[in-house]
Every structure is written in C-alpha cells, then in structure tokens.
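For reference, the chains in residue letters:
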Amino acid sequence: MTPEDLSGLVLEAVSACVAAGEFAARVPEQLSMERPKNPEHGDYATNVALRLAKEAGRPAREIAEAVAERLRATPGIARADVAGPGFVNVTVAAESLGALAKDVVEAGSSYGHGDALAGRRINLEFVSANPTGPVHLGGTRWAAVGDALARILEASGASVAREYYFNDHGAQIDRFARSLLATAKGEPAPDDGYGGAYIAEIAQQIVATRPDVLDLPDAEAQEVFRAAGVELMFEEIKQSLHAFGVDFDVYFHEDSLHASGAVERAVQQLKESGHLYPKDGAWWLRSTEFGDDKDRPVVKSDGNAAYIAGDLAYLRDKRARGFDLCIYLLGADHHGYVARLKAAAAAFGDDPSVVEVLIGQLVNLVKDGRPVRMSKRAGTVITMADLVDAVGVDAARYSLERSPIESMIDIDLDVLVKRSNDNPVFYVQYAHARTCNAKRNAADVGIGLDVFVPETLSSPFEAALLTALGDFPRVVATAAELRAPHRVARYLEDLAGTYHRWYDECRIIPKGDDEITDVNRSRAWLNEATRIVLANGLGLLGVSAPERM
C-alpha cells in the first residue's frame, strides 16, 4: 500500500463520516500522509482532523476519533490511533504493506513516475556559459542540477526540452577574439581579455589551420579568430558536457536573434503596445509596471540593442515554439533577472508565471582542508574537467545535486574519492551493489521471485523498508513540484541506510541447513524492490547504479 493508496482510504473515511452526519465539512480533494518520527506511532500520520475542525465547529480530537473508527474497519489497516491535538496515526496491515514489494517489482523502471505534469511543455535552459572559456564550476553545478531536474520533470509526465543559450554576440566575444589574436602574436592579453592556457591552445589551432591569419590586418584577423575561436570553444564545451552525461536538445545561438531580425521585431512589438517609451535618446521597458524594481533600457542612446533586448526576443521565440513554461537556471549574480524576465513576459501579454527563474549559489572546492582556487588550464577558475578528473563523473554530479541550489556548498575532494560510507555517492551506490549481490547469492541457492507471501514481511525492519519504498513516488513528485533534485538524493541516502539495517537483521538466505521458507522468498522480492528504487533514483540524478563495487 502506497501513501497515495492510504490517503485515498482516509478521504473515504472522512466522506463516510460526513455522509453519516458525524460532522459537517467539505472533504479535501487531496491529502498528504506523513511518516511519524517515532516508528512506534505507526507507519503514517495525517492532520486531516486538524484541517477540518474549524469548518466543522468540532474539536479536532472528536473528528479524529470518528475518522479513526472508520479506518479501523477498513481492510488493510491494522491500527488507527488518535494522538496529540487530533492527529490520526495509521499502521498498515502486514499483508497490505508487504504487497508493495510486488507492486514495485512489477512496475520496474516506471516505479516512481507520475502524471502530475502530463501535457506540460517545458523549456529548461541551463548552463548557457559564454563560449569564452571552459565550463567553470558554477556551470558544472547547473549542468548536474539542470539535467537531473529535466529527468525528474519528465518522470512527472512533462515534455521537457533541454536548451543551451549560446552567448555568441556582444562585448565578451570581442574580448575573446582580441585575446586570441594577441596570444597568437605573442603579445599580452588585453587588460579586459581572457587568460589561461586554453587561450594559447585555441590560438595555436587557428593558426595551424589558417597560417595566413597573422598576415591579415588586425581587424580582419580578429574576425577570423572570433569565428573560429567561438566554434572551437563551443565544440569543447559540448564535448565536456557530453562526457558529464549532459546533452541538450537545442543549442540556441544568441547571434541568430540579431541576424534574423528577431530582436528588432520584439522591440517594435513593444513600442506598438506602448510598453517601451523614449527617454534621453534611449528606449525603456516599463518593467516597473510589472513588478520590476526599475525600468530597463532596451535600445541604448547610440541605437544599439541593450542586452535585455536579446532576452526579450529569446522569450518571445520560446513561447512561439509552444512552450507553456520557461524555466531558467541562472547563477548567483543574476538575481535581477527574476523580475526582469517576468516583466518581459507580462509586456508581451503573457501571464508572468510562464517564466520561472531558479537562482543558484556558488561552489567551493576543498582539499586537505584548504580551498582549491586555481585551474592549471583555465588560469583563474576551476572547470568541469578539473572536478571530473579529481573525483569522476558520478561523484561530481551527485555532490552537486544533493544540496538545494540556493545554498552555497563546499565540496571536499578528499571525501569524494573515499570508498567508504563517508562518501554519500559511494554509500548509495554500494547499497545498490549490495542488493545485486544479494540477488545473485539468493539465486545460487534457488531463491528467486517465484513465490511471494506479503504477510511474512512483518518485522519492524521490513515495515520500515517497505514504508520507505512507498515514499519514493511522493518524493519524486515533490522534487518536480519544488524544482528540487536534492530531495531525491537525500531520500536515496535515507533509503540506503534503511536497507543496510534491514539486510543486517533479516536474512534472505537461511543459516546452514535451515529450510528455505516463504519468508526467505518474500525477502528476495523486497530486496529486488529496493534495488529497483535505488536504480530508478540514481537514474533520475544521472548517476550510475553499479552492480558490483
């Protein structure tokens, strides 16, 4: 029995009480079931009586007693007790709770999936680093979190397009081109330019393919370095992301918005609608009318488009492609974009809720108790390749996904290379490998999945493990709703601990010459159900589920 099944039974009990005139209240459409901190208080608890008390005009405990009485007569419920000011604590019958193991096994890779977001078309933009250098540590965090979020949204029924906005237009590209040209000529990089060994590497590649480039006038040579340098850098970024397990459905070039006239069309539409006004020779968006803290210049006094003009055209393009929700994952220095992008949506006549902006915080690397501050190749920043080289893809992804994105995190490289329980990803992966080993060992003595007697799974350790497995669909749904992949990671760590305790106390293979019983066979089902949930959860995070460690 899943928490969703149980919540349905509780709502049926409430409906029966209302129909019988025991109290008068509107029956909630949905109800969440919580796990009590103390297992002795039952498998699940609900505050439905507290929610209904005011409307019913009755003490919450009286309502709770009426609901509990109905539940006690419900098949599959072993106990229903009233606690505190009006909580109802429910203990599920062993056969009903145990049946969950079979449900999980039969569902397989689809267990945990739902349809709460069915029909939604979501554009999820993340990373979107400038093509002026390798993906840095902040971008690496968004790569891990963004890809995990996409997987979780898809598991909740949404159609998700992963999109990378390629910033190949503007001043930063000019500085990049000038840096490449200067390096190729053996000159120092411009004061506002880019350094690091990667600049020399790219410059050398360009010169090797275009030996005549340094014979050209500087303006022409700079254009060669611009076009070739951006292409080489972007290809390296894509390869790094692919090696990290992240591939995008769309690589959208900012420059295409300007070249196609999309920026001009967006500006003209806003002028015609009255949402742009002239001031001091520039054109300004009336963004304060839509909740922004100040109006934003869209066309500068020199006639050139301001950076926000591209954002306006880009949002307009996303909506024209049929996305009903546009999610942006942006870095800690982009707080101003939240109101700005919502104002842009409103100015085009959209509901601002079609835009969501998730702001992430910084990542610090620590080794030997001290901060790691410099990359040999990038010069001033730590890159995705640096982190992966140090700890591997799985540890890198998991460590970046297991904390809320709004929290700054410190990653201890010494911990992430340990093959011990101190390393969270090892702890979870080892639990999965242990389920696989237990399955192999059981098969060697003839214990398979041919017999299942759910009521034999009656120990407190089995109840705890089954209850944890039943929580997985709710955890995934909540992670999707709150855009919080870290909830899946923390759940897996708790599940791994619960499994290890069960494994140590409840034998699948009997001792010595003891006879194989239905308990042993049913425990094989529970072991397999745990394997499936661990694998499914790790899959949502883009982390491998090894069968041997």
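A quick note: this is a predicted structure, and the numbers were derived from the prediction, not measured.

(A) Quick peek at the overall build of the chain. A count of helices and strands for the chain gives 19 helices and 14 strands. Taken along its principal axes, the extent of the C-alpha atoms in the chain is 85 × 60 × 40 Å. For the chain, the proportion of its 549 residues judged to be buried stands at 51%. Long-range pairs, those at least 24 residues apart, make up 71% of the contacts in the chain with a sequence separation of at least 6. Per element, the accessible surface of the chain, about 24,200 Å² overall, is 49% carbon and sulfur. Placing the 58 positive and 80 negative side-chain charges of the chain at their respective mean positions leaves the two points 2 Å apart.

(B) Broad picture of the pattern of salt bridges. Across all of its chains, the model carries 36 salt bridges by this definition. Two residues, K185 and E187, come together in a salt bridge whose shortest N-O distance is 3.8 Å. The class of K185 is partly exposed, set by a relative accessible area of 36%. Overall, E187 belongs to the partly exposed group, its relative accessible area being 40%. In this structure, E462 and R523 form a salt bridge, with 2.6 Å as the shortest nitrogen-oxygen distance. Of this pair, E462 sits in helix α17 (residues 460-482) while R523 sits in helix α19 (residues 518-540); the two residues are 61 residues apart in sequence, bridging distant segments of the chain. For the pair shown, E462 and R523 are each scored as buried. In this structure, a network of salt bridges that share partners links the residues D147, R151, E154, R162, R397 and E401.

(C) Representation of the side chain of E401 in the model. Relative to the assigned elements, E401 resides in helix α14 (residues 393-401). Residue E401 is classed as buried on the basis of its relative accessible area of 1%. In this structure, E401 is in contact with A144, V145, A148, P485, H486, L541 and V543, ignoring residues within four places of it in sequence.

(D) Quick peek at helix α12 (residues 337-347). Burial analysis of α12 places eight of its eleven residues in the buried class, which makes it a mostly covered element. Taken as a whole, α12 has its buried residues at Y337, R340, L341, A343, A344, A345, A346 and A347. Tucked into the core, α12 has its buried residues touching α10 (262-273), β8 (282-285), β9 (296-299), α11 (307-320), β10 (325-330) and β11 (355-359).

(E) Structural view of the packing of helix α5 (residues 137-155) against α17. Look at α5 against α17: their axes get within 9 Å of each other, and the N-to-C directions meet at 120 degrees. Of the two elements, α5 crosses α17, and the hand of that crossing is left-handed. Packed against α5, whose contacting residues are I152, L153 and A155, the element α17 presents V476, A479 and A480 at the interface. Counted by class, the contact of α5 with α17 contains six nonpolar, no polar and no charged residues.

Calculation rules
- Residues numbered from 1 in each chain as written.
- Predicted model: local features only at pLDDT ≥ 70, side-chain atom pairs only at ≥ 80, totals over all residues.
- Heavy atoms only, no water.
- Helix = DSSP H or I, 4+ residues; strand = E, 2+ residues; numbered from the N terminus.
- Buried < 20%, exposed > 50% of the residue type's maximum accessible area, 1.4 Å probe, protein only.
- Contact = heavy atoms within 4.5 Å.
- Areas by Shrake-Rupley, 256 points an atom, 1.4 Å probe, with all protein chains shown as cover.
- Lys, Arg positive; Asp, Glu negative; His and termini not counted.
- Charge placed at Lys NZ, Arg CZ, Asp CG, Glu CD.
- Salt bridge = Lys/Arg side-chain N within 4 Å of Asp/Glu carboxyl O.
- Axes fitted to C-alpha atoms, helices over the stretch in contact; angles between N-to-C directions.
- Left-handed = near helix turned anticlockwise from the far one by under 90°.
- Nonpolar A, V, L, I, M, F, W, Y, C, P; charged D, E, K, R; others polar.

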